[in-house]
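Results of the structural survey
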Amino acid sequence: MEKIPIARLDHFQKEPHLLGNFIIRDIAQLLEKIPLVQELHRHDFYFILALEQAAGQHHIDFTPYPVGNHCVFFMRPGQVHDLTLDQGSTGFVIQFTSDFFDNCSMDSRLLLRSCSNTTLYSFDPASYANVTKPLHAILDEFSAERPGHEKMIKAQLDIFLIQLLRQQQAKVPKLKGPDLYPRERLEAFLELLETHLAAHKKVSDYAELLHLSAYQLNAITKSGLGKTCREVINDQIILESKRRLLATSNQVKEIAHQLGYHDVSYFIRFFKKHVGQSPEAYRQNFT
């Protein structure tokens, strides 16, 4: 069965680095000789593209996004994209695995989740400069590898995430008090959903994994995302179905089995109900 190519972080590292699960690069240096062209692939890491001056093309989960000046793209592990950046583009590309945040506080993980819920941030020149100040410090620490550089990078990354939300006039999540526990559970649910979708599709499955009642989990998703837990699960199933339909040549029955559906006709009916056309028609009609 044909699969979506998966880009792993070590593919981008030309030599070993002390951090191992974190990379930052100056885009101008990457594009010194040739444009950057990445064909459709799936990441197993977080991917941040901060563009000061740029031209090119970018599709994320098959949606086209404008590539221009003073913007930040934010992608989560599992998302599918293709990217072309023309020579002369400037800014930063940052890539790090989920493991990089393993020893970080819950505050940092909540910031990461909040930021990664938005794919494209756009700014005026002054706001972009303010948002990306920490990235200059991160690049310096990454390159110099002074004592304590990993802690400095994580601290500056937190500042970058907060600035990103502030400048976008989004609500920075409360990191203390009674709101913290529901946000922790919401983050845990979304992480489980990304990794257990083929095996678990019932609200009760995730509630049990999180040691919550279905009522509690539903209340958490309604409060945090404005959707019922069932709606969040269905959205993820449809998104993953589209990824496999458009990024592989696998037959619909193969995709259904990969997503945990043994009854292919049920999968087709489910997809048509939510998308308005059959999986095969969606694949053929997509432009």
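Residues numbered from 1 in each chain as written. Predicted model: local features only at pLDDT ≥ 70, side-chain atom pairs only at ≥ 80, totals over all residues. Heavy atoms only, no water.

Counting its regular elements, the protein chain contains twelve helices and ten strands. Carbon and sulfur atoms provide 51% of the accessible area of the protein chain, an area that totals close to 14500 Å². (Helix = DSSP H or I, 4+ residues; strand = E, 2+ residues; numbered from the N terminus. Areas by Shrake-Rupley, 256 points an atom, 1.4 Å probe, with all protein chains shown as cover.)

Scanning all chains against the criterion turns up eleven salt bridges. One salt bridge connects Arg146 with Glu141, and the closest N-O pair in it is separated by 3.3 Å. Accessibility expressed as a relative area gives 36% for Arg146, which makes it partly exposed. Salt bridges sharing partners connect three or more residues here, namely Arg42, Asp61, Glu240, Arg243 and Arg244. (Salt bridge = Lys/Arg side-chain N within 4 Å of Asp/Glu carboxyl O. Buried < 20%, exposed > 50% of the residue type's maximum accessible area, 1.4 Å probe, protein only.)

Another point: the environment of Lys133. Turning to its location among the elements, Lys133 is positioned in helix 4 (residues 133–144). With a relative accessible area of 55%, Lys133 lands in the exposed category.

A separate point is unusual backbone geometry. Despite not being glycine, Asp61 shows a phi value in the positive range, around 50 degrees. A positive phi angle is found at Glu145, which is not glycine, with a value near 55 degrees. Take Glu145: its relative accessible area is 31%, and that puts it in the partly exposed class.

Segments scoring low in pLDDT should not have their predicted coordinates read at a detailed level. In this model, the protein chain carries a mean pLDDT of 87, and residues with pLDDT of at least 70 account for 88%. Below pLDDT 50 for its whole length, residues 8–18 participates in 25 contacts with residues either more than four positions away or in separate chains. (pLDDT = per-residue confidence, 0-100. Contact = heavy atoms within 4.5 Å.)

Burial of strand 4 (residues 46–53) is extensive: six of the eight residues sit out of reach of the surface. Bridge analysis of strand 4 against strand 9 (residues 90–96) gives seven bridges, and the strand direction is antiparallel. Within strand 9, the residue paired with Ala50 across the bridge is Phe92. Of the strand pairs in this sheet, strand 4 and strand 7 (residues 71–75) are connected by five bridges, and their pairing is antiparallel. Counterpart to Ala50 in the pairing with strand 7 is Val72. (Pairing = 2+ DSSP bridges.)

For the rest of this paragraph, the subject is the environment of Cys104. Here Cys104 lies in the loop between strand 9 and helix 2 (106–116). The exposure class of Cys104 is buried, given its relative accessible area of 13%. Note: C-alpha distance between Cys104 and Lys151 (47 residues apart in sequence) is 9.7 Å. Setting aside anything within four residues of it in sequence, one finds Cys104 in contact with Arg109 and Lys154.

On to the sheet that holds strand 2 (residues 22–26). Spatial ordering of the open sheet is given by 2-9-4-7-10, a layout of five strands whose pairing is antiparallel. Bordering the open sheet on either side are strand 2 and strand 10 (120–122), each of which pairs with just one other strand. Pairwise comparison of adjacent strand axes, ignoring direction, gives a mean angle of 10 degrees for this sheet. The pairing of strand 7 with strand 10 spans three bridges and is antiparallel. Residue pairing for strand 10: Cys71 is matched across the bridge by Ser122. The sheet contacts of helix 4 involve strand 2, strand 4 and strand 9, and relative to strand 2 the element is tilted by about 110 degrees. Packed onto the sheet, helix 5 (residues 149–167) meets strand 2, strand 4, strand 7, strand 9 and strand 10 and runs at close to 110 degrees relative to strand 7. (Axes fitted to C-alpha atoms, helices over the stretch in contact; angles between N-to-C directions.)

Within the secondary structure layout, Arg243 lies in helix 9 (residues 229–247). A distance of 2.8 Å separates a polar atom in the side chain of Arg243 from a polar atom in the side chain of Asp61. Here the side chain of Arg243 touches Glu240 through a polar contact of 3.0 Å, side chain to side chain. (Polar contact = N/O pair within 3.5 Å; in protein donor to acceptor, adjacent residues only side chain to side chain.)

Moving on, we come to the packing of aromatic side chains. Scanning the model with the defined rule gives 15 aromatic pairs in all. Consider the rings of Phe96 and Phe100, whose centres lie 6.0 Å apart with planes at 50 degrees: the pair is tilted. The exposure class assigned to Phe96 is buried, which follows from its relative accessible area of 0%. With centroids separated by 5.4 Å and ring planes inclined at 85 degrees, the aromatic side chains of Phe189 and Tyr206 adopt a geometry described as edge-to-face. Pair noted here: Phe189 is in helix 6 (residues 180–196) and Tyr206 is in helix 7 (residues 203–209), with a separation of 17 residues, a long-range link. Of the two residues examined, Phe189 and Tyr206, each falls in the buried class. Joined through ring pairs, the aromatic side chains of Phe22, Tyr46, Phe96, Phe100, Phe101 and Phe142 make up one cluster. (Phe/Tyr/Trp six-rings, centres within 6.5 Å; stacked < 30°, edge-to-face > 60°.)

What follows concerns the layout of surface pockets. If a probe the size of a water molecule is rolled over the atoms, the empty space left behind becomes visible. Of the volumes computed, that of the largest pocket is approximately 1400 Å³. Of all the secondary structure elements, the ones that give two or more residues to the lining of the largest pocket are strand 6 (63–65), helix 2, helix 6 and helix 9. Looking at the lining of the largest pocket, the element that brings in the most residues is helix 6, giving nine residues. Partitioned by chemical class, the residues of the lining of the largest pocket number 18 nonpolar, twelve polar and 18 charged. (1 Å grid on protein atoms, 1.4 Å probe; cavity = no way out; pocket = protein on both sides within 12 Å on 5 of 7 lines; lining within 4 Å. Points joined across faces, edges and corners; volume = space filled by probe spheres on them. Nonpolar A, V, L, I, M, F, W, Y, C, P; charged D, E, K, R; others polar.)

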